[in-house]
Amino acid sequence: TDSSYVPGYVRPAQLSTWTWDFGDGHYASGSNVQHQYASPGVYTIREYVISASDCEDSFVRKITIYKVPVADFSYTISCAGAPTPFTDKTPASDSVNSWFWMFSNLDTSIVQNPTHVFNNFDVLSANLTVNTKHNCPNTKYEGIIILASPVASFSTPSLNCNNREYKFYGFN
């Protein structure tokens, strides 16, 4: 945000020109500009201002741009009602220091490698947001396949006497 002014005048009406050098080969003009850095690093930003009376000044400040982590995870396909394990696969070089998981039923976890139980079978969702100590977050969204659980059931004979052979029938 620009805080340039001409002493004795109301900012910014008396300034006529702003030029910005973002230190990465990109430039802009205007009093309030936006810029996105493609790579992490230390950049020297220069702002040049010219007043309506052709007086000039400049201001220089260094900023550090930190790497955004690449959120990634895997999971093991499981059945409804059974634990589904999730594994954080974010590269260790991304220096992640916090994890936030959100599942389709709005349950959450802050454990790096959680286990979650989905009670319904379907294609559900899991989101992992990772963050660094420099507050550079990134999120991965993925559909999670949860299989239908089988239902066990069988019939029993009406007489239950010993020394007799019985047939048991499982149901589908």
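Our subject is the structure listed above.
**Quick look at unusual backbone geometry**
The bulk of non-glycine residues show a negative phi, and the bulk of peptide bonds are trans. Of note in this structure, Ser-95 is not a glycine but carries a positive phi near 55°. Along the chain, Ser-95 turns up in the loop between β7 (83-88) and β8 (96-103).

**Looking at the pairing of strand β4 (residues 56-65)**
In the sheet, strand β3 (residues 41-51) pairs with β4 via 10 bridges, with the strands oriented antiparallel. Bridging from a neighbouring strand, Tyr-48 pairs with Ser-58 of β4. In this structure, the hairpin formed by β3 and β4 is closed by a connection of four residues, where Asp-54 is found at a positive phi of approximately 65°.

**Section: the environment of Ala-82**
Within the fold, Ala-82 resides in the loop between β6 (78-79) and β7. Residue classification places Ala-82 among the partly exposed positions, given a relative accessible area of 26%. What Ala-82 contacts, discounting residues up to four positions off in sequence, is His-116, Val-117 and Phe-118.

**Examining the sheet that holds β7**
Pairing in this open sheet of three strands is antiparallel, and the strands run β5-β7-β10 from one edge to the other. Looking at strand neighbours, the two that pair on one side only are β5 (73-75) and β10 (115-117), the edges of this open sheet. Averaged over neighbouring strand pairs, the angle between their axes works out to 30° when direction is ignored. By the bridge criterion, three bridges tie β7 to β10 in an arrangement that is antiparallel. Its bridge partner being in β10, Pro-83 is matched across the sheet by Val-117.

**Side note on the sheet that holds strand β1 (residues 15-21)**
With antiparallel pairing, four strands are arranged side by side in an open sheet as β2-β1-β3-β4. Looking at strand neighbours, the two that pair on one side only are β2 (27-29) and β4, the edges of this open sheet. Recorded for the sheet is a direction-independent mean angle of 15° between the axes of neighbouring strands. Taken together, the three bridges between β1 and β2 define a ladder with antiparallel strand orientation. Across the sheet, the residue bridging to Trp-20 is Ala-28, located in β2.

**What to know about the nonpolar core**
With 16 residues, the main nonpolar core has Phe-73, Phe-86, Trp-101, Phe-118 and Ile-144 as its most contacted residues. The set of elements that each furnish at least two residues to this core consists of β5, β8, β11 (122-132) and β12 (138-147). Discounting chain neighbours no more than four positions away, the residues touching Phe-86 are Phe-73, Ser-74, Tyr-75, Trp-101, Phe-103, Asn-113, Pro-114, His-116, Phe-118, Ala-126 and Ile-144. Membership of the second largest hydrophobic core comes to eight residues, among which are Trp-18, Trp-20, Phe-22 and Ile-45.

**Notes on a nonpolar patch on the surface**
A cluster of nonpolar side chains, Ile-77, Val-123, Ile-145 and Leu-147, forms an exposed patch at the surface whose accessible area comes to about 350 Å². By the secondary structure assignment, Leu-147 is in strand β12. By relative accessible area, which is 42% here, Leu-147 ends up partly exposed.

**Description of the packing of aromatic side chains**
On inspection of all chains with the given rule, the structure shows 10 aromatic pairs. An aromatic cluster is built from Phe-73, Tyr-75, Phe-86, Trp-101, Phe-103 and Phe-118, whose rings are joined through pairwise contacts. One Lys or Arg, Lys-140, reaches over the ring of Phe-73 and ends 5.0 Å from the middle of that ring.

**Points about the pairing of β1**
Here β1 pairs with β3 via six bridges, running antiparallel. If you follow Thr-19 over to β3, its bridge partner there is Tyr-48.

Definitions and cut-offs
- Residues numbered from 1 in each chain as written.
- Predicted model: local features only at pLDDT ≥ 70, side-chain atom pairs only at ≥ 80, totals over all residues.
- Heavy atoms only, no water.
- Helix = DSSP H or I, 4+ residues; strand = E, 2+ residues; numbered from the N terminus.
- Pairing = 2+ DSSP bridges.
- Buried < 20%, exposed > 50% of the residue type's maximum accessible area, 1.4 Å probe, protein only.
- Contact = heavy atoms within 4.5 Å.
- Axes fitted to C-alpha atoms, helices over the stretch in contact; angles between N-to-C directions.
- Core = buried A, V, L, I, M, F, W, Y, C linked by side-chain atoms within 4.5 Å.
- Patch = residues over 30% accessible without salt bridge, like charges linked within 9 Å, V, L, I, M, F, W, Y side chains within 5 Å.
- Areas by Shrake-Rupley, 256 points an atom, 1.4 Å probe, with all protein chains shown as cover.
- Salt bridge = Lys/Arg side-chain N within 4 Å of Asp/Glu carboxyl O.
- Phe/Tyr/Trp six-rings, centres within 6.5 Å; stacked < 30°, edge-to-face > 60°.
- Lys NZ or Arg CZ within 6 Å of the ring centre and 35° of its normal.

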